[in-house]
Every structure is written in structure tokens, then in C-alpha cells.
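Chain by chain, the residues:
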Amino acid sequence: MSAPPPAPRRRRRLLPVAVLATVLLLVLAGVAVVVRPGPVAGWLGDEAAGPAASARPPEPDPSPVLAGPDANAPQPTPAGVRAAVEPLLGAAALGGRVNVSVADATTGESLYTRGGDDGTVPASVTKLVTGVTVLEARGPGYRIPTRAVAGANPGEVVLVGGGDPTLAVDGKGFYPGAARLDALAKQVKQALGGTAPTKVTVDSSLFPGPVHASGWDDDIPTGGYGASITALMTDGARTDPEAARRTFDDTHGAAERAPEPDLAAGRSFARLLGIGGNAQVKRGTAPAAGGTATAGAPAPGTELGKVESLPMVRLVDIMISDSDNVIAEALARQVALARNQPASFAGGAAAMDVVIGELGLPADEISLADASGLSRNNRISPSLLTDLITLAGKGEQPELGAIFGGLPVGAWSGTLGERYRVDTTAAGAGVVRAKTGTLTGVHALAGLVTTAEGRLLTFAVLTDRAPAGDPDVTRQALDRIGGALAGCGCR
């Protein structure tokens, strides 16, 4: 499918910044390990420490893992950045269209651009936009509920999906700390009292419309990286979460997914309630509350139990660090719900566009068909990405900085863990922190890099006409650009 015509070019604005990116990297990365009293604990919904807790001596600050940037370091010049970057853009492995934006993270000043305002297929760097917009729309402490309510008939239980893709069946789930159906089943049994559960109805109506996005390659729903997006699922729709967790590194996260995730979750719930037979699990909608109780059973619509997801700040962290496509699509629907749009692919894209505008970013430089980056119909400009990253590090809205906690680090973690390990890119090891993106013929890298003199830059490099040969060759060509920025003072 051909790209839409680019939006009219416009003069880039400068974003004045007091960068807190490094602080946020250290603090928010720690959220996954331990929650301490303070702003992050508040985002996660923790109560304030009581008298006993306040009597304990304060814990020491964690030692930084990566060296932080020097806010007083000399700023690279546009000419210096051009000299470092431009000779690398002609590499055959990058193909015929390479669009680039490099900016200073402290001042927001654009230092280099080539096709910077042009919409380009972004692949998984789309998740940076998803992360920022859902944190803005929902807040970092928001948790997604999964509810069970009494059905129209005695013994009928309606499992109502709220859009939590990390929901587990039991303690063997894929996502550590996720909400669990066995805990919900225990609540339901207690609420039903002497009424035996006889049937499970699955209500996944919160997510209307298609379960697959336009622009997805034919193998996305079955290839292990995507899934049917429904409001109710367990373990990101994985059919064997234990095996998927065990083989994650070897398979690069690919795993078999249930073709109908909502019904699969309903069947697991029915088994936990002691209901046998798949025929007892069907789709439907929850009755409105306020009905009349019969035969001692709870009135139709009565809530029988509720469990809640990990907080939004943690879901964003997992989405970015694991490049989790299913979580990304679920989070876009949370943006839609927060902005009164249908919780669909189209509604999520429209709501994300609205939030981008609310944040003062150029909404004319983004056009989305999905939130994960699997769609080839997506278009994002490199300059929008560098503006977005700069905004997230300003400190005026520190919750947006949660996108930094999961960013892969060159030669260290995530999808960059095995990159920046050869001589031509080694300067970027430990100082390039970026989201990767890959589809056949599409490669992208967007994030932060600290120069040899300690200056923090934002950068985005997107190519959507790369040769369809060895993707590692194209990735190394991209990495040379990050390594060149890391290795120079660029003055």
C-alpha cells in the first residue's frame, strides 16, 4: 500500500527543557523491583507509610547503573551533527528512503533533520506514542478492572472484560504480578453463597469492531507476535504461558495465541468455578444492575467480584521493554475510553491523535491504524518522535517519563542487548537507549544518546524502503548512526 502524501512542511518549534530523563530512567526502572514511599508509590496506589514504617531509617539511594549526562556539557552544532550522521545515510542496507531527526534534549533545538517532518512507517517505535498517550490519558496509577457479575438466571456468572491483556488464570501466568482469575473465582463463590455456579457468559463487548488491524501482514494473527484483540483474554492470548515464558529469549517473544481469546479465558474461568463442558461458556452481555433476586441468588447485574491489573506505569514498562504488541493494542483502547471514543483500532488511533494535540505536539505528523506498529499503514515523522521524547523528559509531567524505564540499552538489555557489540558501533554501548522497530523492509530506532562530551540528545532514524535481505545488516547500519552520535562531541 502506498504512503499517503506528506503533510505540508512547517517550521519546527523549539521546546525549552529541564531534562530529568536520567533521573526518571533510574527511578522508574526500579518500579518493577521495589516500590518505595514517594511519588512513584503514589502512582501505584500505595498508601502512605504508617508510623512504624516512618520510624525506619531511610534507605540509601540506588547506585546508578549507567552514567548520566552532563547538563553543562557543550552542545553539539548542526554542522557537527551533520558531519557525523550524513555520510552514514547512504548505506545500501538502509534503502532508498531514510528519514532522520536529531535534537538537543536540554534545549529542544533541532540539530539535524532529513525528511524529519515526513510521515514514515514506524514499526514498533509506535509504542513510544502509545506509552506517552496512555500515561497522559489514564495516569500512571490507573489499573484495568476485570469483573464478574450475576447473570440473568440463578447460577449464571458473567465475566466482564475490562481490557486487561495481562490477566492470568492462576499463579503460573506469563506476566509477574498480574491479576488472576483464580482469585476472582474465589470471590464469586463466596458472593454466591449457597447458589452453585452453572454457566459462564463472556462479555467482551467493551472492544467493538475488528479484532485485527488494517495493514497487518497476513501472518500477524498466527505468527506468534500478534493476536486477536479482545476485551477479555489471559496472558496476552498465549495458549501456554509457562512455555512462552521459558522460551521467551529463544523465540524472541513469539508464542502460539488463542484464536478466540475471550472464550478461552471464559473456559478457564468456568473450570475454576467447577463448571464442566465448553458448551457452558458463551458470549453475551452483562445485565444492568438493579434486578430482582430469585431463589436466594444475587440479583442480576450484582457485582460478584473484581480484580485489577498492574498499574499503568508498569504495563507501559512491559510494553516497551518486551515490545509487547498485544499490550500496546490494549493500552490504545484505554486512551480511547478516557477520551470517549470507541475502544477499537480506529477509536484508539483517533484518541491518541487527540492526546498528541493536547500535549502540544504536531498531530498532523502522525496517522495510525494500530498502536503496536504492526500495521504498514502507520505513519509517524521522525521529528514528532524526538519532540515526544524531549517532552517526556521535561519533568513538568514526570509520569510521562515512564517510557524511559523500559527503553532497551545498547549492548545491555532488551532488543538492543546484542547490538552495539562490534567495533563500528561500540561507542553506543551503554549510552544509546532506544526503542527498536522492525517489519520486513522497515527498520527504526528512536530514543536517547549521550555524546562523548556528556550531552544528551534525542534521535529518530526511520527507513521504510530497506532491502528485504538480512535484517541484521540494516540494523548495524542504523546502529552506526547511534554510535556516531555517541562517539563524537559533534562540534
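Everything numeric here is computed off the predicted structure, so don't read it as measured data.

Q: Looking at this structure, I do not really get the packing of helix α11 (residues 325-338) against helix α12 (residues 345-358). What am I missing?
A: Relative orientation and spacing of two packed helices are given, respectively, by the angle between their axes and the distance between those axes. Relative to each other, α11 and α12 sit at 65°, their axes nearing to 7 Å. For the pair α11 and α12, the sense of crossing is left-handed. For the pair α11 and α12, the contacting residues are Glu329, Ala332, Arg333, Val335 and Ala336 in the first and Phe345, Gly347, Gly348, Ala351, Met352 and Val355 in the second. Across the contact of α11 with α12, the residue classes tally to seven nonpolar, two polar and two charged.

Q: Explain the sheet that holds strand β12 (residues 456-463) to me, please; I cannot follow it from the model alone.
A: Sheet strands line up and pair through hydrogen bonds in the backbone, either parallel or antiparallel. A sheet is described by the order of its strands in space; here five strands give the open sequence β2-β1-β12-β11-β10, paired in antiparallel fashion. The open sheet has two edge strands with one neighbour each: β2 (110-114) and β10 (432-439). Along the sheet, successive strands turn relative to each other by an average axial angle of 5°, direction set aside. Here strand β1 (residues 98-104) pairs with β2 via four bridges, running antiparallel. Each residue of the ladder has a partner; that of Val100, found in β2, is Arg114. Contacting β1, β2, β11 (442-450) and β12, helix α13 (residues 382-392) runs over the sheet at an angle of about 150° to β12.

Q: Would you mind going over the pattern of salt bridges with me for this structure?
A: When the charged atoms of two side chains lie near each other, side chains of opposite charge can form a pair. A full pass over the atoms with the stated rule returns 16 salt bridges. With its nearest N and O atoms 2.7 Å apart, the salt bridge here joins Arg455 to Asp104. Placement of the pair is Arg455 in the loop between β11 and β12 and Asp104 in strand β1, with a sequence separation of 351 residues. Exposure class is identical for Arg455 and Asp104. Each is buried. Across the pair Arg147 and Glu303 runs a salt bridge whose closest N-O atoms are separated by 3.5 Å. Taken as a pair, Arg147 in strand β3 (residues 145-150) and Glu303 in strand β7 (residues 303-308) lie far apart in primary sequence, 156 residues in all. Under the relative-accessibility criterion, Glu303 is labelled partly exposed at 42%.

Q: Looking at this structure, how should I read the state of the cysteines?
A: Simply put, the disulfide is a covalent bond whose two ends are the sulfur atoms of two cysteines. As enumerated under the stated definition, the model contains one disulfide in all. Each sulfur of the disulfide joining Cys488 and Cys490 lies 1.7 Å from the other. Cys490 gets classed as buried once you look at its relative accessible area, which sits at 5%.

Q: Any chance you could explain helix α4 (residues 78-85) here in plain terms?
A: An α-helical turn contains 3.6 residues, so a residue and the one three or four places further along point in the same direction. The complete set of buried residues in α4 reads Gly80, Val81, Ala84 and Val85. Angularly, the buried residues of α4 cover 120° about the axis, an arc narrow enough to put them on a single face.

Q: Explanation requested: the packing of aromatic side chains in the structure shown.
A: Given two aromatic rings, their pairing is described by the distance between the two centres and the angle made by the two planes. All told, the structure shown has three aromatic pairs when counted by the stated rule. Relative to Phe248, the ring of Phe174 lies with its centre 6.2 Å away and its plane at 45°, an arrangement referred to as tilted. With Phe174 in the loop between β4 (156-160) and α6 (181-192) and Phe248 in helix α8 (residues 248-251), this pair connects stretches of sequence that are 74 residues apart. Ring pairs connect the aromatic residues Phe174, Tyr175 and Phe248, which therefore count as one cluster. It is Arg238 that lies over the ring of Phe174; its NZ or CZ is 3.7 Å from the centre. The ring of Phe207 is capped by Arg333, whose NZ or CZ atom sits 5.3 Å from the centre of that ring.

Q: Before we go on, may I ask you to explain the nonpolar core in this structure?
A: One recurring pattern in soluble globular proteins: nonpolar side chains tend to sit buried together. Ranked by size, the top nonpolar core spans 57 residues in total, and within it Leu128, Val129, Met312, Val316, Leu331, Leu385 and Ile403 carry the most contacts. For this core, the element with the highest residue contribution is helix α10 (residues 312-322), accounting for seven residues. Discounting residues that sit within four places of it in the chain, Leu128 has contacts with Ile320, Leu388, Ile389, Ile403, Leu407, Lys435 and Ala446. The next biggest cluster of nonpolar side chains, apart from the first, holds 28 residues, and it includes Leu445, Leu457, Ala477 and Ile481.

Q: Would you take a moment to explain the side chain of Ser375 for this structure?
A: If you trace the backbone, Ser375 turns up in the loop between β8 (366-367) and β9 (379-380). Polar contacts involving the side chain of Ser375 include one to the main-chain carbonyl oxygen of Ser214, which spans 2.6 Å. Within the local environment of Ser375, its side chain forms a polar contact with the backbone nitrogen of Asn377, the two atoms lying 3.0 Å apart. Those residues in contact with Ser375 that lie beyond four places of it in its chain are Val121, Ser214, Gly215, Trp216, Ala369 and Asp370.

Q: Help me understand the confidence of the model for the protein chain, please; the structure alone is not making it clear to me.
A: Any region with low pLDDT has predicted coordinates that should not be read closely. With 86% of its residues at a pLDDT of at least 70, the protein chain reaches an overall mean of 88. Counting interchain partners and residues more than four positions distant, the pLDDT-below-50 stretch residues 1-56 has 95 contacts.

Q: Explain the environment of Ala73 to me, please; I cannot follow it from the model alone.
A: Considering the arrangement of structural elements, one finds Ala73 in the loop between α3 (51-55) and α4. Owing to a relative accessible area of 4%, Ala73 belongs among the buried residues under this scheme. As for Ala73 and Thr451, which are separated by 378 residues in sequence, their C-alpha atoms are 9.2 Å apart.

Q: Is there a simple way to explain the packing of helix α5 (residues 126-138) against α11 in this structure?
A: Where α5 meets α11, the closest approach of the two axes is 9 Å, and the angle between their N-to-C directions is 40°. Every pair of crossing elements has a handedness; the one defined by α5 and α11 is left-handed. Residues Lys127, Thr130, Thr133, Val134, Ala137 and Arg138 of α5 lie in contact with α11, whose contacting residues are Asn325, Ala328, Leu331, Ala332, Gln334, Val335, Leu337 and Ala338. A per-class count over the contact of α5 with α11 returns eight nonpolar, four polar and two charged.

Q: Help me understand the sheet that holds strand β6 (residues 281-283), please; the structure alone is not making it clear to me.
A: Strand order in the open sheet formed by five strands is β6-β5-β4-β3-β7, and the pairing between neighbours is mixed. Each edge of the open sheet is held by one strand with a lone partner, namely β6 and β7. The sheet shows a mean angle of 20° between the axes of neighbouring strands, direction not considered. Alignment of β3 against β7, held across five bridges, turns out to be antiparallel. Bridged to Val149 within β7 is Glu303. Running over the sheet, α6 touches β3, β4 and β7 and is turned about 160° from β7. Set on the sheet, helix α9 (residues 261-272) makes contact with β3, β4, β5 (199-203) and β6; between it and β6 the angle comes to about 145°.

Here is what the cut-offs are and how they apply
Residues numbered from 1 in each chain as written. Predicted model: local features only at pLDDT ≥ 70, side-chain atom pairs only at ≥ 80, totals over all residues. Heavy atoms only, no water. Axes fitted to C-alpha atoms, helices over the stretch in contact; angles between N-to-C directions. Helix = DSSP H or I, 4+ residues; strand = E, 2+ residues; numbered from the N terminus. Left-handed = near helix turned anticlockwise from the far one by under 90°. Contact = heavy atoms within 4.5 Å. Nonpolar A, V, L, I, M, F, W, Y, C, P; charged D, E, K, R; others polar. Pairing = 2+ DSSP bridges. Salt bridge = Lys/Arg side-chain N within 4 Å of Asp/Glu carboxyl O. Buried < 20%, exposed > 50% of the residue type's maximum accessible area, 1.4 Å probe, protein only. Disulfide = S-S within 2.5 Å. Arc of directions from axis to C-beta. Phe/Tyr/Trp six-rings, centres within 6.5 Å; stacked < 30°, edge-to-face > 60°. Lys NZ or Arg CZ within 6 Å of the ring centre and 35° of its normal. Core = buried A, V, L, I, M, F, W, Y, C linked by side-chain atoms within 4.5 Å. Polar contact = N/O pair within 3.5 Å; in protein donor to acceptor, adjacent residues only side chain to side chain. pLDDT = per-residue confidence, 0-100.

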